[in-house]
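Survey of secondary and tertiary structure
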Amino acid sequence: MIRDFWVQNYLSIRDKQELSFLAKGPASELVTEVADGTYLYKLGILYGPNASGKSNMLIALNQVFRLLILSKSDANESINRSIPFILTKDDPIEMHVSFYANGIRYDYDVSFNEKYILSEYLYYYPNKSKALFYERHFVGENIQTEIKFGPSLQLSVKTQDSIRENTLNNHSVLSVCRKAALKEDIAPFNVLHSWIMDNYHEVDGDGQKGVVETLKDAYNSPIKRKFYNTMLQKADLNILEYRPIVEDRYLPAEYRERIQKENIPEKMKEALLKPTADSIAFVNHSSNGNFDVPLKLQSNGTLKYIQILDALYDMITSSHVYYLDELGEDLHNDLLYYYLNVFIFNSEKSQLIITSQETTLLSQDLINENRGVVWFVEKNKETASSEYSRGDSFGLHKNLSLYNSYRIGRLGAKPELGSIFINLED
């Protein structure tokens, strides 16, 4: 879980902007004890008008973990997604994240540009006391970076030298364990790297599977299949269950001829010309009997709901961190509330950070009473930079509605729209 995070000079964010998930204590189901005496919010919601920078905070959160775990094999390869604020593009991007992995706290600070990681510091708390994991500093192009390792890691001199030799200027020290076979004393690196790889996810999930593949994989796991069927039934979609099917494909003769003439690998031709395709049939209910509805006839809302169920399953069965952008899009607000409540009341040490335009969430008692889970995002008109304000930073009395205060503009982060009358004449 993420304890706190800040970012500076990245995308639409010029000045340092922070998200803190620290809670004062076990006040509600929204809070979990991640370590002895440390309580964190499991949910974070970002509100604001279009183009305010909500999604950029999710991208930044994702970026800091990508930097930690993704290595490079070419020293000349650019660091992906390294986009500074346009008006300070010559300055480095800076990020900090404090997070938990396997119950241990880690603090990571990094400064980088498109070409190099300029500095990074990784500390951890193996015995509740802060200790150095490693620190590194950029020396120069094509020059081996300076790296210092914490004594508590007990790395041999040979292992330290091997890590230095394999660390290029464009990737983190931790990610070396992804590309080099090192000795057994590298275990602390492997444990942390594997935890991040398995438990911290890309924005909107890891994005490698479509609906059909996701549902097929779930169907092959009795527990996961039961979860999907249960969630589809409870969503009032009139769906009892689903099953994988194979459908015939209609391929026009001219399409077949064109593919046959294309200079592409034979396996690709076979896939494009395959006469059948995997799909899903959903069993619907009526008083006159059950009937199948194919995947292609399902609504956008149903498909959107299915796509976010995989993240929900992970979060309630293990410890995961997900970022979901524009959650609530294409969903009825009651279904959105239901999804969030299933997460809140069934997860233990998972975290969900979302952006949303569904402002009625603010009227829910659980959210209104835990205003630390909400941030309001708006662009500063003078600097064009995104600014984030936590919901409990406005000094609102506890009896005042967060929803009403936001609706009337007291909390900012609302679009300022012009007249509805349009004059196209000079």
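Counting from 1, residues in each chain are numbered in the order their sequence is written. Thresholds applied to this predicted model are a pLDDT of at least 70 for local features of residues and 80 or more for the giving and counting of side-chain atom pairs; totals over whole chains, interfaces and linings are not thresholded and use all residues. Only heavy atoms go into the side-chain values, all of them from the structure, while hydrogens and water stay out.

1. With respect to the packing of helix α8 (residues 300-317) against helix α9 (residues 333-346)
- The convention used is that axes are lines fitted to C-alpha atoms, helices contributing only their stretch in contact, and that angles between N-to-C directions extend from 0 to 180 degrees. Segments assigned H or I by DSSP are reported as helices when at least four residues long, segments assigned E as strands when at least two residues long, and all are numbered from the N terminus. At a minimum axis distance of 9 Å, the contact between α8 and α9 shows a crossing angle of 15 degrees. Between α8 and α9, the angle is such that the two are roughly parallel. Seen along the crossing, α8 lies across α9 with a hand that is right-handed. Residues Y305, I308, L309, A311, L312, M315 and I316 of α8 form the contact with α9, whose participating residues are L335, Y338, Y339, V342, F343 and N346.
- Class assignment of the residues belonging to the contact of α8 with α9 gives a composition of twelve nonpolar, one polar and no charged. Each angle receives one of four descriptions, namely roughly parallel if under 35 degrees, roughly antiparallel if over 145, roughly perpendicular if within 65 to 115, and oblique otherwise. Handedness of a crossing follows from how the near helix is turned relative to the far one, being left-handed for an anticlockwise turn of less than a right angle and right-handed for a clockwise one. Contacts between residues were defined by any pair of non-hydrogen atoms, one from each residue, lying within 4.5 Å. When residues are grouped by polarity, Ala, Val, Leu, Ile, Met, Phe, Trp, Tyr, Cys and Pro land in nonpolar, Asp, Glu, Lys and Arg in charged, and all others, Gly among them, in polar.

2. Considering the sheet that holds strand β7 (residues 93-101)
- Read across the open sheet, the seven strands follow the order β2-β1-β7-β8-β9-β10-β11; overall the sheet is antiparallel. If you trace the sheet from one side to the other, it starts and ends with β2 (17-20) and β11 (146-149), each paired once. Taking the axes of each pair of neighbouring strands and ignoring which way they run, one obtains an average angle of 5 degrees across the sheet.
- Pairing between strands is defined by DSSP: at least two bridges between the two strands are required. Of the pairings in the sheet, the one linking β7 to strand β8 (residues 104-112) comprises nine bridges and is antiparallel in character. In the sheet register, H96 faces β8, and the bridge partner there is D109.
- The strands touched by helix α3 (residues 187-199) within the sheet are β7, β8, β9 (117-124), β10 (131-137) and β11, with β7 carrying the most contacts at an inclination of about 95 degrees.

3. A word on the side chain of T32
- Position of T32 relative to the elements: it lies in strand β4 (residues 31-35).
- Between buried and exposed lies partly exposed: a residue is buried under 20% and exposed over 50% of the maximum accessible area for its type, with that area taken using a 1.4 Å probe on protein chains only. Look at T32 and you get buried, because its relative accessible area is 10%.
- N or O atoms within 3.5 Å of each other form a polar contact, as long as, within protein, one can give a hydrogen and the other can take it, and as long as residues adjacent in sequence are counted only when both atoms are side-chain atoms. At 2.9 Å, the side chain of T32 forms a polar contact with the backbone oxygen of E348.
- In this structure, T32 is in contact with M1, T38, Y39, L40, K42, E348 and K349, ignoring residues within four places of it in sequence.

4. Describing α8
- By definition here, a helix of n residues has an expected span of 1.5 Å times n minus one. Across its 18 residues, α8 extends 27 Å between first and last C-alpha, which sits within 8% of the 26 Å expected from 1.5 Å per residue.
- Maximum bend of α8: about 30 degrees, positioned at L309.
- For α8, every residue scored as buried is listed here: G301, T302, K304, Y305, I306, I308, L309, A311, L312, Y313, D314 and M315. Here the bend at each residue means the angle between axes fitted to two seven-residue stretches, the one ending at that residue and the one beginning there.

5. What to know about the confidence of the model for the protein chain
- Scored from 0 to 100, pLDDT records how confident the predictor is in each individual residue. This prediction gives the protein chain a mean pLDDT of 92; 100% of its residues lie at or above 70.
- When the elements of the protein chain are averaged for pLDDT, helix α7 (residues 266-272) gives the smallest value, 83, and β9 the largest, 98.

6. Observations concerning the sheet that holds strand β12 (residues 200-203)
- Here we have six strands laid out as an open sheet, ordered β12-β16-β17-β6-β18-β19, and mixed in their pairing. Only two strands of the sheet have a single partner each, and these edge strands are β12 and β19 (386-390). Adjacent strand axes in the sheet meet at a mean angle of 15 degrees, parallel and antiparallel pairs treated alike.
- Examined bridge by bridge, strand β16 (residues 321-324) and strand β17 (residues 351-355) share four bridges and lie parallel to one another. Residue pairing across strands places Y323 opposite I353, the latter belonging to β17.
- This element, α3, spans β12 and β16 of the sheet and lies at about 45 degrees to β12.

7. Looking at the side chain of T383
- Structurally, T383 is set in the loop between β18 (374-379) and β19.
- You can call T383 buried: its relative accessible area is 15%.
- Excluding residues within four positions of it along the chain, T383 makes contact with R14, F85 and L87.

8. Some details on the nonpolar core
- In these notes, a set of buried Ala, Val, Leu, Ile, Met, Phe, Trp, Tyr and Cys residues joined through side-chain atoms within 4.5 Å is what counts as a nonpolar core. Within the largest apolar cluster, 111 residues are counted, with the highest numbers of intra-cluster contacts made by I2, Y134, F189 and Y339.
- Of the residues forming this core, the biggest block, nine residues, is contributed by helix α1 (residues 54-69).
- Residue contacts for I2: discarding those within four places in its chain leaves F21, L40, L61, F65, V97, S98, F99, Y200, V321, Y323, Q351 and I353.

9. Re unusual backbone geometry
- The residue N102 is not glycine, and still its phi comes out positive at about 55 degrees.
- Looking at where N102 falls in the secondary structure, it is placed in the loop between β7 and β8.
- The backbone phi angle of Q154 is positive, close to 55 degrees, even though this residue is not glycine.
- Among the secondary structure elements, Q154 is positioned in the loop between β11 and α2 (157-166).

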